[in-house]
Amino acid sequence: MADTLTRAGEPGGPSTRAAPTRASAPPPEEKIAVLRWLRDNLFSSPFNTLVTILIVAGLVKVVPGLFAWGIQNAVWYTKDHEVCRAASGACWAVIGEKHRPMLFGLYPYAEHWRLVVALVLYLGAFSITLMRRFWNPVFLIALWVVVGTAVGILLWGGVFGLTFVPSSQWGGLPLTMVLFTGTVVLGMPVAVLLALGRRSHLPLVKTVCVTFIETLRGVPLITILFVAVNVFPLFLPSGMEINTLLRIIVGMAIFFACYQAEVIRGGLQAIPRGQYEAAESLGLTYWQMTRRIVLPQALRICLPAMVNHIIAAIKNTSFVLIIGLFDILTATTNVLEDPLWRRFFVEAYLFVALVYFVFCYALSKYSQRLEQWLSAGRQY
Amino acid sequence: MAQAETFQDGPRRGGSLLYSTAFRGVAYQILLAAGVILVGYFLYSNVNQNLERQSIATGFRFLTESAGFDIGESLIPYDSNDSYGKALVVGILNTLLVSVFGVVLATILGGFMGIARVSRNWLAAKLASMYVEVMRNIPVVLHVIFWAAVFRNLPGPKESIHPFEGLYFNNRGLIFAVPKANPAYVWVGVAFLVGLVAAFLFVRWADRRRERTGKFMPTFWPALAIMIGLPLVTWLVQGAPLVWDKPTFGAFNFSGGAVLTPEFIALLVGIVVYTGAFIAEIVRAGIQSVPRGQIEAARSLGLRSGFVMRYVTLPQALRVIVPPTTSQYLSLAKNSSLGVFIGYPELVNVANTTLNQTGQAVEAVGIMMTVYLLMSLTISIIMNLYNRKTIIRER
């Protein structure tokens, strides 16, 4: 066969026609595909058969009960908690009944439409940012400036006849969104600087960056929030106050930056020495080299890992429960204080889990696709 | 040579010191140092002024003062008259307890799920991958408070879940029978330690022999037999003393037996289920990183599949698995601080109470951070040592 193929390309080769005929012969037909699949994937060995039987037995025991609880006997819609109490299944009605305080927290009830508009705008801009065909710095920065301003106006109000809502009343999903965006937007430049500093040839710069990164990575996020809430006010001169929300965001951003810096450092280390040498031999200054040669390549290499930490930043917003900022999780916990609906906490938490899951899962799938795309287009 | 010298002197030929890389490097560093010192001094003086103004004491004298609050569960005797220092020690011990159990359980769960993900059994692989995708995309805070809510809403002691004799599960926690203390158990413990050392020495001897002579002998089952057999024999020789301390339902509550509080179980389940998903991913990646050729070569040498796993796949996979697993252990230990959300008295919880009572925020937060830093440092040192052992040895 191999022999035939090598000769096939030569002009006047004897079997130019024979090769394609053989290659296009149909694959052997599988008569009993299902059985074969079952044998290969479930019963390939005695041990595998045992595992399959055990799992199927477990599923048979669990799934019908879950089905009965979650779907068959569930209450989907009611305003009366007694109906839920009487039912033996899940009470999904708690979500319908309580979705406003869960999703929007303490924000004035009549103004919730503003949050919906803000969320739609935000998610729209977010989706556009993820699409490769829009990856144009000028366009993206313009987009985010416009959307950020619009979202800010919608949340705060105070202009265009919108009532003013102080940030202490923000809550729910929009607050989660603000926390997350603030963390990433403030954290990203700090992360880049820390990563560059850690790779610096200047011993003092390096020491400061290493100490900073390693110290913050060694402590839990909660302690950073404690610093932001309890300790930081003591650091300020008397009479000066900084908004709690802002302090939290700065704390989370610094924490995020320390982890992201390590990812970026990985990207920086992956750049061949020759790139630096070439840039230096062209006479570029450090910042020119960093901005035009090093960072574009480094960030591209570590983009998937950076997305993973961005996912972590979404999940980390839930830590604000400790200081009572009303993000979606705190708001839900608060809703469950209602004695009438308290017993349906499983359903409420599952709903919140679903919200987080949708965002994080989508981003993690995106990160995987990004990885495939980047490795496919790698030039070196 | 002359050319090289001119080249080296290049930057200075421009006349200005400003164009010398070396000078600029020194200048940047002096600026940075000055900045750090200035900011540090600014913050320090502000803190002092603010504390003076609010008349909050400074220093660690409060550690010796009476704490005045109770702690729900403690590994050492503690009551509310004891000092803040002792309360913090109780908190640290609880943090360590939940971290140690968490690391062990997360490793088992993650290893199991990771292996299941690469299993040839379609059902096992799919279920494990569902577990990973669902669990790691839900915040760990939600995991912990969800389980806390679940365990708190279990039926009361009267309607305990009672699957078999000596085990009760209710909203007070998991209550189970334990053997009553007996002097013989000390010797059983000693025998277990001796067995552990003996098993370790045996495995090492067998490995050495295999490397020297090429003769293989089974080590897993004999080692297990030594570890279990030795204590068992010691126990039997001393007349097999066994009296169970069973939990009994009194007027309102259980007495006897051992108790795991709902907070402890919730925190443990939450962080283990979450971290387990990450470890599973690491284990999967590690196993898949071993080139197929390695396994095929081992099989074609006629090695049995268990043998291939133990001596070919695992040692190579571990090299990939260990470093990222270290950071998962670290994050698990740090996530044990979530106990503060659900009332498990670990370090952050106790320090938080201390902070609220004494107002000494700087010291309380400082203690939290220092302890976690030391813990992180210890874990990474231990794991680095282990990593050095598993790392590739070039011959």
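This one's a predicted model, so the numbers in the text were calculated from it and none came from an experiment.

If you tally the helices and strands in chain A, you get 17 helices and zero strands. Here chain A has a C-alpha radius of gyration of 28 Å; the compact-globule value for 380 residues is 21 Å, and the former is much larger. Along the first, second and third principal axes, the C-alpha atoms of chain A reach 90 × 75 × 45 Å. For chain A, the residues scored as buried account for 31% of the 380 residues in total. The long-range fraction of contacts in chain A, counting pairs at least 24 apart against all pairs at least 6 apart in sequence, stands at 64%.

Before going further, it helps to examine the overall build of chain B. Looking only at helices and strands, chain B features 14 helices and seven strands. For chain B, whose C-alpha radius of gyration is 29 Å, the value lies well above the compact-globule estimate of 21 Å for 395 residues. When burial is assessed residue by residue, chain B has 29% of its 395 residues classed as buried. Put simply, 68% of the contacts in chain B that link residues at least 6 apart link residues at least 24 apart.

With that out of the way, let us pick up the confidence of the model for chain B. Residues and elements named next belong to chain B. Predicted confidence across chain B gives a mean pLDDT of 83, with 92% of residues reaching 70 or more. Per-element confidence in chain B ranges from a low mean pLDDT of 43 for helix α1 (residues 2–8) to a high of 92 for helix α9 (residues 262–289). Residue range residues 1–13 is modelled with pLDDT below 50. Its contacts to residues more than four positions away, or to other chains, number four contacts. Note on the complex model: pTM 0.83, ipTM 0.82.

Bringing helix α8 (residues 137–156) of chain A into the picture now. Residue and element names in this part refer to chain A. Its 20 residues place the ends of α8 28 Å apart at the C-alpha level, agreeing with the 28 Å of an ideal helix rising 1.5 Å per residue. Listed in full, the buried residues belonging to α8 are Val-151, Leu-154 and Leu-155. Down the axis of α8, the sector holding all buried residues measures 90°, keeping them to one side. Every exposed residue of α8 that faces more than 90 degrees away from the buried side is listed here: Val-138, Ile-141, Ala-142, Val-145, Val-146, Thr-149 and Gly-152. Lining the buried residues of α8 we find α7 (112–130) and α9 (172–198).

For the rest of this paragraph, the subject is the sheet that holds strand β2 (residues 173–176) of chain B. All names here are of chain B. The strand order β1-β2-β7 describes an open sheet built from three strands, whose pairing is antiparallel. In this open sheet, the two edge strands, each paired with only one partner strand, are β1 (167–170) and β7 (258–260). Across the sheet, the mean angle separating the axes of adjacent strands is 15° when strand polarity is ignored. With four bridges connecting them, β1 and β2 associate as antiparallel partners. Within β2, the position partnered with Phe-169 by the bridge is Leu-174.

What follows covers the interface of chain B and chain A. Listed by partner, the interface residues are 45 residues for chain B and 42 residues for chain A. Contributing elements (two or more residues each) for the side of chain B that touches chain A: α3 (21–53), α5 (122–136), α6 (140–152), α11 (305–335), α12 (339–342), α13 (347–358) and α14 (361–390) of chain B. A per-element tally of the side of chain B that touches chain A places α3(B) first, with 13 residues. Of the residues that constitute the side of chain B that touches chain A, the class distribution is 31 nonpolar, ten polar and four charged.

Glancing now at the packing of helix α6 (residues 93–104) of chain A against helix α16 (residues 328–335) of chain A. The relative placement of two packed helices is expressed as an angle between their axes plus a distance between the axes. Residue and element names in this part refer to chain A. Across the interface, α6 lies against α16 with an axial gap of 7 Å and an inter-helix angle of 140°. One element, α6, and the other, α16, form an angle in the oblique class. Judged by the twist between their axes, the crossing of α6 over α16 is right-handed. Contacts from Lys-98, Pro-101, Met-102 and Leu-103 in α6 reach Ile-328, Ala-331, Thr-332 and Val-335 in α16. Its residues assigned to classes, the contact of α6 with α16 shows six nonpolar, one polar and one charged.

Attention now moves to α6(A). Residues and elements named next belong to chain A. Compared with the 16 Å implied by 1.5 Å per residue over twelve residues, the 18 Å span of α6 between its first and last C-alpha is a close match. Turning to α6, its buried residues number three or more, namely Ala-93, Val-94, Ile-95, Glu-97, Lys-98, Met-102, Leu-103 and Phe-104. Following α6 by one or two positions, Gly-105 adopts a phi angle in the positive range, close to 60°.

Core analysis: the largest hydrophobic core is formed by 148 residues, its most contacted members being Leu225(A), Ala348(A), Val141(B), Val144(B), Leu267(B) and Met368(B). Among the elements that take part in this core, α9(B) stands out by supplying 15 residues, more than any other. Look past the residues within four positions of Val144(B) in its chain and what remains in contact with it is Ala266(B), Leu267(B), Gly270(B), Ile271(B), Leu338(B), Phe341(B) and Ile342(B). Formed by five residues, the second largest nonpolar core is a distinct cluster that contains Ala191(B), Ala199(B), Ile226(B) and Leu230(B).

Here β1(B) shows one buried face, formed by Tyr168(B) and Asn170(B), and one open face, formed by Leu167(B) and Phe169(B). The turn linking β1(B) back onto β2(B) is made up of two residues.

Moving on, we get to the packing of helix α7 (residues 183–213) of chain B against helix α8 (residues 220–237) of chain B. Residues and elements named next belong to chain B. Axis separation between α7 and α8 bottoms out at 8 Å; the angle between their running directions is 160°. By the angle class used here, α7 and α8 are roughly antiparallel. Seen from above, α7 lies across α8 with right-handed handedness. Between α7, through Ala-184, Trp-187, Val-188, Ala-191, Phe-192, Val-194, Gly-195, Leu-196, Ala-198, Ala-199, Phe-202 and Val-203, and α8, the contact on the second element is made entirely by Pro-222, Ala-223, Ile-226, Met-227, Leu-230, Pro-231, Thr-234 and Trp-235. Considered class by class, the residues forming the contact of α7 with α8 number 18 nonpolar, two polar and no charged.

Turning our attention to the confidence of the model for chain A. Here chain A averages 81 in pLDDT, while 90% of its residues score no lower than 70. Of all helices and strands in chain A, the one with the weakest mean pLDDT is helix α1 (residues 2–8) of chain A (41), whereas α9(A) scores best (90).

All names here are of chain A. Mapping Ala-87 onto the fold places it in the loop between α5 (81–86) and α6. When the C-alpha positions of Ala-87 and Trp-69 are compared, they lie 9.5 Å apart, and in sequence the two are 18 residues distant. Not counting chain neighbours up to four residues away, the residues in contact with Ala-87 comprise Asn-73 and Val-75.

So, on to the pairing of β2(B). Summarising the sheet, β2(B) and β7(B) pair through three bridges and their orientation is antiparallel. Its bridge partner lying in β7(B), Ile175(B) is registered against Val259(B).

The next thing to look at is the environment of Pro137(A). Position of Pro137(A) relative to the elements: it lies in helix α8. Measuring from C-alpha to C-alpha, the distance between Pro137(A) and Arg343(A) comes to 49 Å, with 206 residues separating the pair along the chain.

Looking now at the environment of Leu385(B). Looking at the secondary structure, you find Leu385(B) in helix α14. A sequence separation of 203 residues divides Leu385(B) from Asn182(B), and the C-alpha atoms of the two residues are 38 Å apart.

Quick notes on the rules
Residues numbered from 1 in each chain as written. Chains lettered and ligands numbered in written order. Predicted model: local features only at pLDDT ≥ 70, side-chain atom pairs only at ≥ 80, totals over all residues. Helix = DSSP H or I, 4+ residues; strand = E, 2+ residues; numbered from the N terminus. Rg over C-alpha atoms; globule rule 2.2 N^0.38 Å. Buried ≥ 20, exposed ≤ 12 C-beta atoms within 10 Å, placed from the backbone. Contact = placed C-beta atoms within 7 Å. pLDDT = per-residue confidence, 0-100. Expected span 1.5 Å × (residues − 1). Arc of directions from axis to C-beta. Pairing = 2+ DSSP bridges. Axes fitted to C-alpha atoms, helices over the stretch in contact; angles between N-to-C directions. Nonpolar A, V, L, I, M, F, W, Y, C, P; charged D, E, K, R; others polar. Parallel < 35°, antiparallel > 145°, perpendicular 65-115°, else oblique. Left-handed = near helix turned anticlockwise from the far one by under 90°. Core = buried A, V, L, I, M, F, W, Y, C linked by C-beta atoms within 7 Å.

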